[in-house]
Amino acid sequence: MKNFKYFLLFIAFMHNFYINAQFSLNVQYRPRSEFRDGYSTLIAQNTDPAFFVQHRGRLSFSYNNNDFLQFKASCQDIRVWGNTPLLSTTDNNLGFHEFWVQLKMNQNWSAKIGRQEIKYDNERIFGNVDWAQAALAHDGLLLQHTSDKWTGHLGLVFNQNGVKNNTTFFELGNNYKTFQYIWLNFKPFAHMQQSILFLNNGIQVANASKDSTNTRFSQTIGTFIKLNPEKWQIEGSAYYQFGEAAFWNKNTLSAYELALEASSSLSQNIKVGVGYEILSGNKTNDNTIHAFTPFFGTNHKFNGWMDYYYVGNHINSVGLQDMYANFQWKKDAYSFNINLHQFFTAKGNDFKEGNLGNELDFSLVRLLPQNTKLVLGYSQYFKNTETEKLKNVSNPKSSQSWIWAMLDINFEAFKTEK
């Protein structure tokens with residue numbers, strides 16, 4: 001009888017696992033070709049432009065049992081066409097983008113553990129950087145609370161680059177050692193939502209000989225507000241960073257970010273918007289670091305698509321002011337976007353509020369059947385002497401441009417009913 005009882009419990013578990021759950025498999029294939037003749041930084045005279053094709057192939061399997069358990073595994077192949085030798089016996093382009101399990105503790109609380117995307121609000125501080133073919137995910141624990149009035153998340157991450165028997169020195173450069181954050185979101189009014197974020201970010205640094213290390217902690221606190229009155233959409237953010245700068249020489253940190261954007265639908269097909277953002281920069285002869293760092297944000301989304309600022313560059317530099325306007329036209333399966341940016345350095349820095357030039361971005365989207373789209377893009381950066389000085393490129397070409405074409409195929413291979 002005892003074994004029979006266990007057998008019945010097993011049958012009940014399997015019934016709940018399969019019958020009351022939902023399985024799905026999603027496929028994405030996204031090749032993108034790029035012609036770079038001034039992307040990311042100025043290209044010099046007598047330098048040939050670059051051309052390549054890079055793709056993302058992703059398989060995402062998910063399981064959802066609303067009573068207790070959710071699970072997702074996302075495997076992806078990221079490669080530049082031709083970067084693997086013919087008849088190669090090894091291939092390091094394949095890996096997992098996400099692999100997490102979420103446990104529902106009760107109606108309001110859940111815990112999500114494993115490799116996962118973390119993105120909030122407009123993705124200025126936390127984003128999944130989906131434009132990058134590899135995208136961004138973190139290994140950690142996320143505690144979530146959801147109610148009718150507010151949502152709260154507590155994130156905990158501690159990184160190590162391998163199994164060790166002593167010390168916790170983290171040897172992967174340009175990466176964080178640990179972070180903890182709290183994110184709160186609520187809706188005080190019908191057409192308004194607000195988020196509050198506090199991030200404690202730890203970066204491990206070592207002295208020149210690496211015989212002594214230290215984890216330097218900085219704090220970022222701020223808010224994001226979104227308003228939707230009728231045909232308008234208004235977004236604003238304000239963040240302040242303080243604490244320890246990520247340098248061995250014990251510098252302190254005091255930096256800020258302010259942004260405001262407004263957009264409106266002029267008709268069913270046309271939408272326009274304007275915005276302004278300032279990220280503080282370092283000052284002359286000041287031991288305090290004043291340069292703001294958008295640590296884990298989707299920075300390609302901001303400050304121009306050519307990624308001259310804050311996409312693997314421009315950190316601990318002269319800051320940035322970005323005044324921009326955008327125009328979007330949509331009809332049937334087509335959409336067309338134009339973005340214009342005017343860049344300045346931030347106040348009180350080494351460049352004394354210099355003009356860094358303009359950028360013009362175009363994109364054309366054609367929707368295709370089966371959740372597929374073709375996207376074409378062209379960007380032009382209009383440099384000046386201050387741009388050349390900042391990027392430290394002598395004798396650059398008169399024209400700085402970037403052209404790309406991307407096919408994005410997304411489809412659901414199968415999905416079971418509960």
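Residues numbered from 1 in each chain as written. Predicted model: local features only at pLDDT ≥ 70, side-chain atom pairs only at ≥ 80, totals over all residues. Heavy atoms only, no water.

Asker: Tell me about the overall build of the protein, and please be specific about residues and values.
Answerer: Looking only at helices and strands, one finds 2 helices and 18 strands in the protein. Whereas a compact globule of 418 residues would reach a radius of gyration of roughly 22 Å, the protein reaches 24 Å, a difference of no more than 12%. When its C-alpha atoms are laid out on the principal axes, the protein stretches across 85 × 60 × 60 Å. Each of the 418 residues in the protein was classed as buried or not, and the buried ones make up 42%. For the protein, contacts bridging at least 24 residues in sequence account for 58% of all contacts bridging at least 6. Summing over all exposed atoms, the protein offers an accessible surface of approximately 22,700 Å²; the carbon and sulfur share of this is 58%. (Helix = DSSP H or I, 4+ residues; strand = E, 2+ residues; numbered from the N terminus. Rg over C-alpha atoms; globule rule 2.2 N^0.38 Å. Buried < 20%, exposed > 50% of the residue type's maximum accessible area, 1.4 Å probe, protein only. Contact = heavy atoms within 4.5 Å. Areas by Shrake-Rupley, 256 points an atom, 1.4 Å probe, with all protein chains shown as cover.)

Asker: Lay out the pattern of salt bridges in plain terms, naming residues and giving numbers.
Answerer: What the rule picks out here adds up to 11 salt bridges. The partner of lysine 72 in a salt bridge is glutamate 98, with the nearest N and O atoms 3.1 Å apart. On the criterion of sequence distance, the pair formed by lysine 72 in strand S3 (residues 69-80) and glutamate 98 in strand S4 (residues 94-104) is long-range, its members being 26 residues apart. Since its relative accessible area comes to 5%, glutamate 98 is described here as buried. In this structure, the salt-bridge partner of arginine 216 is glutamate 244, at a minimum N-O distance of 3.5 Å. (Salt bridge = Lys/Arg side-chain N within 4 Å of Asp/Glu carboxyl O.)

Asker: Provide a residue-level description of empty space enclosed by the protein, including the pertinent values.
Answerer: A complete count under the given rule lists 2 cavities of 30 Å³ or more for this structure. Approximately 50 Å³ is the volume attributed to the largest cavity. Tyr120, Asp121, Asn122, Glu123, Arg124, Ile125, Phe126, Trp183, Leu197 and Tyr239 are the residues that line the largest cavity. Lining the second largest cavity, in full, are Gln116, Ile118, His138, Asp139, Gly140, Leu141, Leu142, Gly155, Val157 and Tyr181. Elements represented by at least two residues in the lining of the second largest cavity include exactly strand S6 (138-146) and strand S7 (150-158). (1 Å grid on protein atoms, 1.4 Å probe; cavity = no way out; pocket = protein on both sides within 12 Å on 5 of 7 lines; lining within 4 Å. Points joined across faces, edges and corners; volume = space filled by probe spheres on them.)

Asker: How would you explain the pairing of strand S8 (residues 178-189) if you had to name every residue and give the values?
Answerer: Sheet analysis places S7 next to S8, joined by 9 bridges and oriented antiparallel. Within S8, the residue paired with tryptophan 150 across the bridge is phenylalanine 186. Where S8 lies against strand S9 (residues 192-206), 10 bridges are found, and the strand directions are antiparallel. Looking across to S9, one finds that phenylalanine 179 is bridged to asparagine 201. The hairpin turn running from S8 into S9, its antiparallel successor, is 2 residues long. (Pairing = 2+ DSSP bridges.)

Asker: Which residues make up the side chain of asparagine 93, and what are the values?
Answerer: Mapped onto the secondary structure, asparagine 93 falls in the loop between S3 and S4. With relative accessibility at 16%, the residue asparagine 93 sits in the buried group. Here threonine 84 takes part through its side chain, which lies 3.1 Å from a polar atom of the side chain of asparagine 93. Excluding residues within four positions of it along the chain, asparagine 93 makes contact with Gln76, Asp77, Ile78, Arg79, Asn83 and Thr84. (Polar contact = N/O pair within 3.5 Å; in protein donor to acceptor, adjacent residues only side chain to side chain.)

Asker: Now, about the side chain of aspartate 361: what can you tell me, with residues and values included?
Answerer: Within the secondary structure layout, aspartate 361 lies in strand S16 (residues 355-368). Salt bridges are absent for the buried aspartate 361, whose nearest opposite-charge side chain, arginine 36, sits at 13 Å. Looking at aspartate 361, its side chain comes within polar contact range of the main-chain nitrogen of tryptophan 305, at 3.2 Å. Of the polar contacts made by the side chain of aspartate 361, one reaches the side chain of serine 379; its length is 2.7 Å. In contact with aspartate 361, other than residues within four places in its own chain, are Gly304, Trp305, Met306, Asn337, Ile338, Asn339, His341, Tyr378 and Ser379. (Lys, Arg positive; Asp, Glu negative; His and termini not counted.)

Asker: Give a detailed account of the nonpolar core, specifying residues and quantitative values.
Answerer: Within the largest apolar cluster, 42 residues are counted, with the highest numbers of intra-cluster contacts made by Phe126, Phe179, Tyr181 and Tyr309. Elements with a contribution of two residues or more to this core: S8, S9, strand S12 (252-265), S16, strand S17 (372-382) and strand S18 (400-415). (Core = buried A, V, L, I, M, F, W, Y, C linked by side-chain atoms within 4.5 Å.)

That's the geometry; what it means functionally is another story.
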